[in-house]
Every structure is written in structure tokens, then in C-alpha cells.
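Chain residues, written in single-letter form:
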Amino acid sequence: MRRTSASLVAGALVAALAWASSPSTSAIALEPSPGVADLAQDINQILADSRLTIARAGVVVKSATTGEELYSTDAGKQMIPASNTKLFTSAAAAETLGLDYRFPTTVLSAGHKIGSALTGDLVLRGTGDPTMLAEDYDALAAKVAAAGIKVVTGKLVADDTWFDSTRLGSDWAWDDETAYYAAPISALTASPDRDYDAGSVIVSVAADGDKVKVSTTPETDYLKIVNKATVGSSTDVLIEREHAGRTVVITGTVADPYQEWVAVDDPTSYVSSLFRKALTKHGVRVLGPTVTGAAPSGAAELGKHESMPLGELLVPFLKLSNNMHAEILTKAMGRKVSGKGTWAAGLKVSTDFAKANGVQVINMRDGSGLSRRDGFSPGSIAQLLTAVRGKPWFKTWYEALPIAGNAERFVGGTLRSRMRNTPAAGNVHAKTGSLTGVTSLSGYVTSAEGEPLVFSIMLNQFLSGSPKDIEDKIAIRLAQFSRTATVDATAQLRQAAVDAPDLECSWLKPAEC
């Protein structure tokens, strides 16, 4: 049974308040105003949807400035959050690492230079930078050549020891192992484009006469391509890497160009191949093999690349719901706080941060929400959203959240096609979440009277038909909320059902996003 509760703050109406104002204060509970009662009635009606008959629905709506609860149903029940987990990871990272945090990648000399020869090893050391592109490794190789080195007599050492060697989350689905959104985590990694999907390669196919041409971005021979596809009258092609290997098998028919993001099996080995190829291009020969290991103390720096600051990285991370950014930041937090670049250490940082900000119901198994063993309550999410409003980094973090109905990809993000032409468009800043049978939407909205609200909507265990339009209807209704008047929201709520995708954009590479 759903229980609806609401209270009214004593005193004058709070209107037109800035989002970055001070943290909430306690409210005095009175009888609900007509506007609050009307809101509760409408949300109850929205949640009466037949798709939720056997599902679990948890919803919390609060005043962001007072903490007053305007609506609540199953607020304390632990549910699967999917990518709403990233709210906790990103907030903890902003607090722990700071918005100015950058990931350095360095190339080091572990030997002596005699003429144009380095008598010793060349070391490539990473700290998890998810924004490294092939061109960045090429620039590091150019710095080695610029130092006058043409021959390395020793080995090429890939130092990925900043993080541990556990590549995949312990609860991640086995059949996601080759998917770009579940790519392995390493302190040395590379992205194929400026979405920064670390640990993946783009494999493209196109009809070329009577044959199917295959190419990769970046160009690499790391993957073994087995092309069984044929030219046909339509494009119905499958590009899939075999489990625990480097072989990509392409089957089906190709008429129009098509591309797929494919996770590599081992980011460190992949990056090593990119870097060795770049060294050769710049006239540097490494005589020894490629190995993994820690750089020796005293190794001299030959070149360095630094990522964009975390304050900028939050945009592709949150707007596009990038799973790899979440996991890399989790391990980076563990490394900074305890000297251990592990999931366990990083998740403790995120959990401790949440608890320090009043969050009670939380079970974090990873940083992204890929795990179905992650557990949060709607009330806990709403508490986090309220608590962080007083943080010095809040404005940057708030603007990095997807914004409803804004068609710009790096503004609207995973909400770019949702709630368009409604009072929620350009208003709702919120994090989406999607897994099979799971959807969530939590964030901020300003009411019709200018009052900032926080909300968390979590829907679990539905069997058919995406209920994302239910989330949208609630968010739109919150944008129309008035304490002093009832609202006829019928037309706007009906419109919410239009253009609500089944899955968030992070699962729908490439065209849908």
C-alpha cells in the first residue's frame, strides 16, 4: 500500500530561491495545503499505472530549502538504482578529489642515454585517465623522439600499478564482458573518441563494391578481425568480440555504413600496442619486449600528459552516464584516501561521504550502477541531493547533470529527448538510470512558484513496457507545483508519454544519442 505524507512550512512562501543556497533546515509539520494535497493526488494517480501493478515504486519529493517532505511512498525501501549510483560516486569524487583533479600519464626513462640510445627500459605510467586518445599517446611518443632517443635497448614497461589488477566488477553480468559500457578498468586505458568511452574501440563496416570493408577507430591491429559479413540490400550486421579474447567476428549483411563500440579484453595491453606503434612512427625502436610492472624509483620523466580537470570531466561523465568514468573515479578515490586503487577502498570513500551527509540506506557494490546488488532507498537519494546543495562544488556538479528537453548532447545528455515542450524542459536537472526491469530518475526541479525541489523516483521489477514516461509525468507535475493553487495537469501529463526511450543513451550507442 502506498502511503502519502505532506507537511507545510510555517511562515511566508519561499519563492525564487537560488539552487546553490545553504543546506536545508527543519520544517514545522502542519496540515497539507491544497496545493500539496493536489500534488499527492496527482502523483498517486500517475503511479496507479497498470505497468506498476506487480512492480515496486518508491518516490520522494522534498523542498530543497527546508527539507519538508511533500510526497513519499516507500521512501525507506532499498531498491536497485542503476545509474542513479553515479550521483553518489560523482559527488564523492568532487568532494574527495576536488574539481581541479587531473589524471597524469607519463613516459619515463629507466636507464642512461648514450648518444641516441637509451640503455635501459622505457616506462609508460598511467593513473587511469579515461580521456586519453591515441593522439595523446602519439604526442608522448613524439616527446621521446624529441629527447633525442632513437633506440631503447631494454623493454617497454607498462606501469598500470596505480590501480589493482581487478578489471571487472564482481557482480557484472557475464554477457556484458565485451560491451563498451562494461569495459575493463585499468590505470592505462584509451578512448576512441571524445565521449571518452575508456577501454573500447569503434569497429566500422561499409559496403565497398561487392565486399564489406572493415575499419577501426583508432587504427589498430590489436584486435583480430574475422569478417564474415556480405553486402546486401539492407544492413543487418552483428559486430561482436569473443569472450576473453581479441577476436572480433562480423556477420550479417551490410548496405549502409554501421559502427559498433567494442570493449578490448585488456586495456593495458591495448595501450601498450598503441604506444609502441606511435614510437615506431616517430623513429624510436624498442628492442626489448613489452612487459607490465612498476616504474623503478628515480626514473626520469621524458614527457607528461594531463587530463582535463574533474570539473570538466563531470560533463561527459554525467550527461552521457559513462560507466567507466564512475569506476575509474572510484579507484582514484581509493588511491588518494588509502593508497589503494581498488574498488573496496574507493567504495568505502563514497559510502563514508554519503553517511557523513546523512544518508542511511545505501549498499554500493560499484561506482556506476552496473551491479544489480547496488541498493539505495529513494529517501537516501533525496537526502544526498539535499545535503550537497551547500557544497562549494555544487553549481558545477548541478550543471553537469542531464537537463530535460535540451537537444544539445552535452547539455541535455540522457534527458535530451525527454519532457520536451513541457514545464520540465530546461528545468529538470536529474540523473537517469536503466537496467532490465529497473528505471530511476532523481534530481532537481523548480516549481511554478520558483521553489527548488529535490525528487527521487525508483521503479523496479516491471515486466514489460518501459515506465520512463511515468518518471517524466511526475517530473512535469513537480514543475507545475504550486502551494497556493491546484493544477490542471492533464494535457501536460499526457504529452509526457511521447519520446520517452526505453533505455538511457549510455546503452544506445551511437545514433540515438
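Calculation notes
Residues numbered from 1 in each chain as written. Predicted model: local features only at pLDDT ≥ 70, side-chain atom pairs only at ≥ 80, totals over all residues. Heavy atoms only, no water. Pairing = 2+ DSSP bridges. Helix = DSSP H or I, 4+ residues; strand = E, 2+ residues; numbered from the N terminus. Axes fitted to C-alpha atoms, helices over the stretch in contact; angles between N-to-C directions. Phe/Tyr/Trp six-rings, centres within 6.5 Å; stacked < 30°, edge-to-face > 60°. Buried < 20%, exposed > 50% of the residue type's maximum accessible area, 1.4 Å probe, protein only. Lys NZ or Arg CZ within 6 Å of the ring centre and 35° of its normal. pLDDT = per-residue confidence, 0-100. Contact = heavy atoms within 4.5 Å. Polar contact = N/O pair within 3.5 Å; in protein donor to acceptor, adjacent residues only side chain to side chain.

A. How the structure looks around the sheet that holds strand 20 (residues 438–446). Spatially, five strands are ordered 2-1-21-20-19 in an open sheet, and the strand pairing comes out antiparallel. The sheet is open, and its two edges are formed by strand 2 (69–73) and strand 19 (429–435), each paired on a single side. Strand-to-strand twist of the sheet, defined as the mean angle between neighbouring strand axes without regard to direction, takes the value 5°. Note that strand 1 (residues 56–63) and strand 21 (residues 452–460) share eight bridges and pair antiparallel. From the neighbouring strand, alanine 57 faces strand 21, where its bridge partner is leucine 459.

B. Structural view of the sheet that holds strand 8 (residues 211–217). Taken in spatial order, the three strands line up as 8-7-13 in an open sheet, and their pairing is antiparallel. Sheet topology places strand 8 and strand 13 (258–263) at the edges, where each strand pairs with a single neighbour. Neighbouring strand axes in the sheet, compared pairwise and without regard to direction, differ in orientation by 25° on average. Inspection of the sheet shows strand 7 (residues 200–208) paired to strand 8 by seven bridges, in the antiparallel sense. Bridge assignment links isoleucine 202 to a residue of strand 8, and that residue is threonine 217.

C. A look at the packing of aromatic side chains. Here the structure, examined in full by the defined rule, presents 12 aromatic pairs. A centroid spacing of 5.8 Å and a plane angle of 80° characterise the contact between tryptophan 172 and tryptophan 343, whose relative ring orientation is edge-to-face. Of this pair, tryptophan 172 sits in the loop between strand 6 (156–159) and strand 7 while tryptophan 343 is found in helix 7 (residues 343–356), placing the two residues 171 residues apart along the sequence. Each of the two residues, tryptophan 172 as well as tryptophan 343, counts as buried. The aromatic ring of tryptophan 343 is capped on one face by lysine 331, whose charged end is 4.1 Å from the ring centroid.

D. Main features of the confidence of the model for the protein chain. Looking at the protein chain, pLDDT values average 91 and 89% of them are 70 or higher. Predicted confidence is poor over residues 1–29, with pLDDT under 50, and the contacts of this stretch with residues over four places away or in other chains come to 81 contacts.

E. Seen up close, the pairing of strand 2. Of all five residues that make up strand 2, four are buried, and the element is covered over most of its length. Pairing analysis gives four bridges linking strand 1 to strand 2, with the strands arranged antiparallel. The residue of strand 2 that forms the bridge with valine 59 is threonine 73. The hairpin turn running from strand 1 into strand 2, its antiparallel successor, is five residues long, and glycine 67 in that turn takes a positive phi close to 80°.

F. A look at the side chain of threonine 422. Note that threonine 422 resides in the loop between helix 10 (409–412) and strand 19. At 2.8 Å, the side chain of threonine 422 forms a polar contact with the backbone oxygen of methionine 419.

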